[in-house]
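Fold and contact review
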Amino acid sequence: MISVLAPPSRAIGVPHERLDGKEKVSGRACYAADTPAERLAYGVFALANIPRGRIAQLDVGRAEHAAGVLRIFTHENMPRLNPVSSPPAGQSLLPLQSDRIAYEGQPIALAVAATLEQAAHAASLVRAEYEREPFNVDFRTQLERAVEGQSFFESDTRVGDVERELAQAPIRIAQRYRTADRHHCAMEPSATVARWENGSLTLDDATQYVWGVRMAVAQALDIAPERVRVRSSYAGGGFGSKGYVWPHQVLTAAAARELERPLKVVLTRAQAFTAHGYQTASEQALDIGAERDGTLRAVRATSINPTSRFDDYVEYCALSARSLYAAPAIETRHRVVHVDRSTPTPMRAPHDGVAMVGLEIAMDELAYEAGIDSLELRLRNYAQRDPTTGKPFSSKELRACYRLAAERFGWSGRNPRPGAMREGRVRIGWGMATALMGTFRMPASARVTVESDGRVLIEAGTQEIGTGVRTIMPQIAADVLGVPIEQVRIALGDTTLPETGGTFGSSTTMSVGSAVLDAATRLRDELRELGAHEDEDLGAVLSRSGRTSLSADGAWSPGEEGDFSMHTFGAVFAEVRVDEDLPIPRVSRVVGAYSAGRIINPTTARSQIQGGMVWGIGQALLEESSMDPTLGRYLSKNLAGYLVPANADVPELEVIFAEEVDAHASPLGAKGIGELGAVGVAPAIANAVFHATGVRVRELPIRLEMLLA
Amino acid sequence: MTLLETTLRVNGTSRRLEIDPRATLLDALRERLGLMGTKKGCDRGECGACTVHVNGRRVLSCMTLAAMHEGDEITTIEGLAREGTLHPVQQAFIEHDALQCGYCTSGQIMSAVACVREGHAGDEDEIREWMSGNLCRCGAYPNIVAAVAAAAQVMEQHAPI
């Protein structure tokens, strides 16, 4: 194993502006829908408007005869495709394969025409008659039907005697907490451009995982994966919605093959609400027992979420309780309710980001019940080891985070009495919460090449979705090779490049970064064998040895998690302002300190954490996808009804990183930050709202009417 | 559908087009003129990703038909830099890391240029309000505000831009 890079470093840990900034501010960065192609045809989906039943009759006559139409694909003429395993598929149901309708918004036709306007018009002319069947889209009305779902974590865990500890605890907090269905709403709607040539397919796709797309499309279309090339130079955000592979990608590839011409399909904003999953609502039950001094005796966390009829998706909303606080007895349990909706999917921040809502509001309730400061309560229950597995943490600087963020925020000046702090008519609330996020690591490979002019090229198939990978990877290679970062560039987002994992699970810096570190280190060793000395021009070294370029391949695999419990942590403090007559809560300040391993680029890291905080503000106060239970459809499939934070919703956001190197998580010492920033913010805001108003809200998003006395 | 003959003047260059009367200015820029810098985020005026300038004013190009703009002076993100030099707003967006995925960035920048010219960049609160028509799901807002404030100072010194 390569040792952690010893400081001082010239690039790692040093703030650096994005190397792809100029592409992005000039409009030159090429996203999937920007891909040029000759004879490009346009596809637009028509969707079912019932949640359950079968298509009795599909009238495509008018659509087929509309100007410019090349083909109307339906379940009657779309070739039968192989089922795709999940993962990489986001859901097992592939539309246009039968007359069955299993969710509102399921595609019933793909209209293809010579222009976008013609395709959109043709799709609007498709008429379906349905045999409707009874349905239920509301999991809260059928919690008694909850069953165990099969997914990637254990459903249930138990340590200690929870029953006994709860019974003997002098303080007990037993409450239910609710979060809402939410949607990713990446600004770039999913888009796929498919081109076939001599039996081989090139897909330019808005994806977080080019290899996942290749695997799924090859499987569905029954061709060798080597005949499918998937590219994603830039993706306009994903947040989980582009992590798995969804029907539109597979169907676009299949339709292009039938048409024998390039095909572009861009989902509409409305279609995005049913095309690639959503974050499920959750029903969380917390039962906490504590001593009078706040010391925890037991935590029981139970979570129920909805999933589709045809797949199990478990949002692990009791997960955080397994690892966060020291308690002699901890029990967690997850169940799902099958409803007539599409399959949910991970969304920033999955599992812990939702789980911490219940747990951290409950801890605030405990603090008030025990009469202890909320921060002090966390410190009294600080876990030195993972309380469920008993393993030590690979690294944990949470204590430093509490101190740094509290000092910066001015927490010691808080009067804990609800409603005690005000400025005229405005009640001010201060709340805090812990953040905890699981660490996901994936195997990765990379190649690093020195070219004759001394420039360095990194090749790794990973995706750029906004995280800064085009800057972070060059920083790593630059440090190893002793060259300025401006001399290094990266080619990425292509299945012809060395394979990496998907851009999800906050895994890229750790995983791909470690592969780049390995490749660059091997290259450095080879250069030294050629007689290179420190700070010598690499181009000169090559020409001296009669070479035009020199490459080294590198790889990294996390292996078994083994002896450590791996997480990232944070401490989040939020201030809200609430008018006493019109109680619309407004966030006026957030301070977060984070324990997330070595920070490679403080500039992009700070931005990413701030972005996560914005997600937390949305989760706390704005975001909710409501369904009409009688129609079985979302009420607002648009950005006017589904509210994401706008600029004026976001105050100053302060980010502090604790000094930390996690040598167990990755040879870089780095961990992940993409999701961590979105954890803990919403409960900190909810706790601040209680502090301001005295109203304890246990359901997100917090709306004005919940605060009216 | 009868096609309409239209001349669109974009970034100082006139282009004669036969265009579908249903085509939005956004789709005409992208799919007919190949100017892919202007982005489609919602296609119904809610997100601001498609913001361009029409006769110097910021306009949502998804909410207006291409055929209505004969004779108008249209500026897109591709037309903002002068002789290879980035506009001060573009430069400030890089320096303040006011972008992440970059997808909303063209619209943010076109809005920001107009926001400063309109005189709506007086302080941070004013910038937040007048930039709230441009959504950024990555959540780069604090840096966008900082970039617009910084660019406003540069633009004032070098007016008119």
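As a convention, each chain's residues are numbered from 1 in the sequence order in which they are written. Note on labels: chains are lettered from A, ligands numbered from 1, in written order. Local features in this predicted model are restricted to residues of pLDDT 70 or higher, and side-chain atom pairs are both shown and tallied only at a pLDDT of 80 or more, whereas totals for entire chains, interfaces and linings draw on every residue. Side-chain metrics rest on all non-hydrogen atoms present in the structure, leaving aside hydrogens and water.

1. A look at the overall build of chain B
This is how the line gets drawn: Numbering of helices and strands starts at the N terminus; helices are DSSP runs of H or I of at least 4 residues and strands are runs of E of at least 2. Under the scheme applied here, a residue whose accessible area is under 20% of the maximum for its type counts as buried, over 50% as exposed, and between as partly exposed, the area being computed with a 1.4 Å probe on protein chains only. Note on areas: Shrake-Rupley, 1.4 Å probe, and residue coverage restricted to the protein chains presented here.
For chain B, the count of helices and strands is five helices and five strands. The helix and strand sequence of chain B, counted from the amino end, reads β-β-α-β-β-β-α-α-α-α. Viewed in the frame of its principal axes, chain B has a C-alpha envelope of about 50 × 30 × 25 Å. The burial tally for chain B puts 58% of its 161 residues in the buried class. Carbon and sulfur atoms make up 49% of the accessible area of chain B, which amounts to about 6400 Å² in all.

2. What about the interface of chain A and chain B?
Just so we agree on the cut-off: Only heavy atoms matter for contacts: two residues are in contact if any of them lie within 4.5 Å across the pair. Two parts lose some accessible area (1.4 Å probe) when they are put together, and adding that loss for both gives the buried area. Definition used for salt bridges: Asp or Glu carboxyl oxygen within 4 Å of a side-chain nitrogen of Lys or Arg.
The partner chain B presents 48 residues to the 58 residues of chain A that form the contact. Between chain A and chain B lies a buried interface of about 4100 Å² when both sides are counted; carbon and sulfur atoms form 56% of it. Three residues stand out in chain A for area buried against chain B, namely A:V25, A:M187 and A:N647, and they jointly supply 20% of the buried area on that side. Joining chain A to chain B, the criterion identifies five salt bridges. In this structure, B:K39 and A:D34 form a salt bridge, with 2.4 Å as the shortest nitrogen-oxygen distance.

3. Structural notes on the pattern of salt bridges
Residue and element names in this part refer to chain A. Across all of its chains, the model carries 63 salt bridges over all chains by this definition. A salt bridge links E360 to R378; the shortest N-O distance between them is 2.9 Å. With E360 in helix α8 (residues 352-370) and R378 in helix α9 (residues 374-380), this residue pair connects regions lying 18 residues apart in the sequence. Assigned by exposure class, E360 and R378 land together as buried. Between D518 and R522 there is a salt bridge, with the nearest N and O atoms lying 3.1 Å from each other.

4. A look at the nonpolar core
One recurring pattern in soluble globular proteins is that nonpolar side chains are buried together. Using the following cut-off: Definition used in this section: a nonpolar core is a set of buried Ala, Val, Leu, Ile, Met, Phe, Trp, Tyr and Cys residues joined via side-chain atoms within 4.5 Å.
Counting 145 residues, the largest nonpolar core has A:I288, A:L296, A:L366, A:F573, A:I685, B:F93 and B:I144 as the members making the most contacts within it. It is α8(A) that contributes the most residues to this core, nine residues altogether. Filtering out sequence-adjacent residues up to four positions away, A:L366 remains in contact with A:I171, A:I173, A:I288, A:A290, A:G294, A:L296 and A:L377.

5. Observations concerning unusual backbone geometry
Residue and element names in this part refer to chain A. Cis geometry marks the peptide bond from S86 to P87; its omega dihedral reads -10 degrees. Mapped onto the fold, P87 is located in the loop between β3 (69-73) and β4 (100-101). Note the cis peptide between P87 and P88, where omega equals 15 degrees. Topologically, P88 is positioned in the loop between β3 and β4.

6. A look at helix α2 (residues 88-95) of chain B
Counted residue by residue, α2(B) has six buried out of eight residues, so it is predominantly covered. Within the span of α2(B), buried status applies to B:P88, B:V89, B:Q90, B:A92, B:F93 and B:I94. On the buried face of α2(B), the contacting elements are α1 (21-25) of chain A together with α3 (105-117) and α5 (141-157) of chain B.

7. Thoughts on the domain arrangement of chain B
Residue and element names in this part refer to chain B. Quick note on the threshold: For every domain, the bounds stem from an assignment made automatically or drawn from a database. Within 3.5 Å is the distance limit for a polar contact, defined as a pair of N or O atoms, with the added protein rule that one can donate a hydrogen and the other accept it, and that residues adjacent in sequence qualify only through two side-chain atoms.
Splitting chain B by domain gives domain 1 (4-79) and domain 2 (88-157). A C-alpha centroid distance of 21 Å is found between domain 1 and domain 2. Summed over both sides, the interface between domain 1 and domain 2 buries roughly 1300 Å², with carbon and sulfur atoms accounting for 51% of that surface. In terms of surface lost to domain 2, no three residues of domain 1 exceed H53, R58 and I77, which account for 48% of the buried area on that side. Our count for the domain 1 to domain 2 interface comes out at one salt bridge. Among the ionic pairs, E118 bridges to R58, the shortest N-O distance being 2.9 Å. Connecting domain 1 to domain 2 are nine residue pairs in polar contact (both at pLDDT 80 or more).

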